[in-house]
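Structural overview
Take a look at the letters that make up each chain.
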Amino acid sequence: MTAGAVASELLEVACPMDLGWRYASGAAMERFLAGLRERRIEALRCGGCGRRYLPPRPLCGECRLPLDDWVPVAAEGTLEAWSIYHLPILDGRTGEPRPTPYGIGLVRLDGADTTLNHLLAETDPGRLRIGLRVRAVWREELRGALDDILHFEVAP
Amino acid sequence: MIVAGRVQIPFRYAAGAAASRFGVGLRDERRILGARCGGCGRVLCPPGPFCGRCGAAAGDPVAVGPGATLVAWTELPGRGTFALVRLDGADGALVHRLLEAVPEPRAGMRLRARFASERHGDIRDIEGFAAEGAGG
């Protein structure tokens, strides 16, 4: 501190930032999202290696072949990895910090060969384990968006 | 299909001692405070903890403005006009908003700070600068 420079009060400056974005989903994602509106989950199967991609992508990461063979996938699957978050990161779906704790998991749905990164209803680490069976919980009013699946819950 | 999203990033930062004194002056007294450099005697505004030119610690607070001189400006379409203004009694200039009451800016013209009616202790407590004698 310098001579005569003691501040009577220390301030914090609030600078909230408003960030918006828009992106083109691409043809594969567009079909996938339209399916969600009817509770239909579809993966894209590679004609070369047979790998079934979910979420769908236009090209196979292994064979570089274009993908156009849609195959049905169940709304239930296996938990491949999970984590419980205690940091309220920003939720792009609501624009607000997400209340903690919440669970994130990699879910391999029956009929897919890749995993889907999604929210988990269960937040107790004692009740989560790799290999657990989980199922999708759907939004009441479907609108053809990624969050038509609200989260995954432990299958009974 | 277009996918849209939006987030609010709740950013706050500690102003530090020098900018806090500046903010309290704006908020409580509608006074613009600079700080005289203990080394070279320049009056810094907005004040920092040390002088950017000679590196000495900033010293005593000095009231500057609210009268000011326009140094330079630029128009941002849809966002208004932003200006470098030199406050009376300060060395160097600060960036702020030119209010609509300045229809034809020119370098060297006299301006006056207009304070916001609601003030929270930061640079936005000055609403902007208007031509001297323009009222407000």
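Residues numbered from 1 in each chain as written. Chains lettered and ligands numbered in written order. Predicted model: local features only at pLDDT ≥ 70, side-chain atom pairs only at ≥ 80, totals over all residues.

Here the focus is the overall build of chain A. Of the regular secondary structure elements, chain A holds one helix and 10 strands. Going from the N terminus to the C terminus, chain A shows its helices and strands as β-β-α-β-β-β-β-β-β-β-β. In chain A, which comprises 156 residues, the proportion classed as buried is 21%. The contacts of chain A with a sequence gap of at least 6 include a subset with a gap of at least 24, amounting to 50%. (Helix = DSSP H or I, 4+ residues; strand = E, 2+ residues; numbered from the N terminus. Buried ≥ 20, exposed ≤ 12 C-beta atoms within 10 Å, placed from the backbone. Contact = placed C-beta atoms within 7 Å.)

A few words now on the overall build of chain B. For chain B, the count of helices and strands is one helix and 10 strands. Listed by position from the N terminus, the elements making up chain B come as β-β-α-β-β-β-β-β-β-β-β. Within the span of chain B, comprising 136 residues, buried residues form 32% of the whole. Taking the intrachain contacts of chain B between residues at least 6 apart in sequence as the baseline, contacts between residues at least 24 apart amount to 46%.

When the pLDDT values of chain A are averaged, the result is 91; 96% of them are 70 or greater. Throughout residues 1-5 of chain A the model reports pLDDT below 50, and contacts reaching past four residues in sequence, or to other chains, amount to 12 contacts. (pLDDT = per-residue confidence, 0-100.)

All names here are of chain A. What the three strands build is an open sheet, ordered β4-β3-β5; its pairing is antiparallel. Single-partner strands in this sheet number two, and they are β4 (52-53) and β5 (69-73). Relative to β4, strand β3 (residues 41-45) runs antiparallel, the two sharing two bridges. Note that in β4 the partner of L44 across the bridge is Y53. (Pairing = 2+ DSSP bridges.)

Turning our attention to the sheet that holds strand β4 (residues 43-44) of chain B. All names here are of chain B. Spatially, the three strands line up as an open sheet ordered β4-β3-β5, and their pairing is antiparallel. Looking at strand neighbours, the two that pair on one side only are β4 and β5 (58-64), the edges of this open sheet. Taken together, the five bridges between strand β3 (residues 32-37) and β5 define a ladder with antiparallel strand orientation. Residue A35 lies in a different strand from β5, and its bridge partner there is P61. In the packing of helix α1 (residues 16-29) onto the sheet, contacts are made with β3 and β5, and the angle to β3 comes to roughly 145 degrees. (Axes fitted to C-alpha atoms, helices over the stretch in contact; angles between N-to-C directions.)

Mapping B:F11 onto the fold places it in the loop between β1 (2-9) and β2 (12-14). Classification of B:F11 by C-beta neighbours within 10 Å gives exposed; the count is 10. Apart from the residues lying within four places of it in its own chain, the contact partners of B:F11 are A:C15, A:P16 and A:M17.

Looking now at α1(B). Residue and element names in this part refer to chain B. Along its 14 residues, α1 runs 19 Å from first to last C-alpha, staying within 8% of the 20 Å computed at 1.5 Å per residue. Of the positions making up α1, those classed as buried are A18, A19, S20, R21, F22, G23 and L26. Those residues of α1 hidden inside the fold are in contact with β3, β5 and β10 (126-131). (Expected span 1.5 Å × (residues − 1).)

Facing the 27 residues of chain B at the interface are 31 residues of chain A. Of all the elements in the fold, those that place two or more residues in the side of chain B that touches chain A are β1, β2, α1 and β5 of chain B. Per element, the largest residue contribution to the side of chain B that touches chain A is eight residues, and it comes from β1(B). With three bridges connecting them, strand β1 (residues 12-14) of chain A and β2(B) associate as antiparallel partners. The residue bridging A:A14 from the neighbouring strand is B:R12, located in β2(B).

This brings us to the nonpolar core. Core analysis: the largest hydrophobic core is formed by 29 residues, its most contacted members being B:I32, B:L44, B:C45, B:V85, B:L87 and B:F129. Filtering out sequence-adjacent residues up to four positions away, B:F129 remains in contact with B:A68, B:A83, B:V85, B:H96, B:L98, B:L99, B:L111, B:R112, B:A113 and B:R114. Judged by nonpolar contacts, the second largest core, of 21 residues, contains A:A43, A:L109, A:L116 and A:F152. (Core = buried A, V, L, I, M, F, W, Y, C linked by C-beta atoms within 7 Å.)

What follows concerns the pairing of strand β9 (residues 133-138) of chain A. All names here are of chain A. As paired strands, strand β6 (residues 76-85) and β9 are joined by three bridges and run antiparallel to one another. Looking at β9, one finds that E76 is bridged to R135. Here β9 runs beside strand β10 (residues 149-154); their pairing, made up of five bridges, is antiparallel. Counted as the bridge partner of W138 is I149 from β10.

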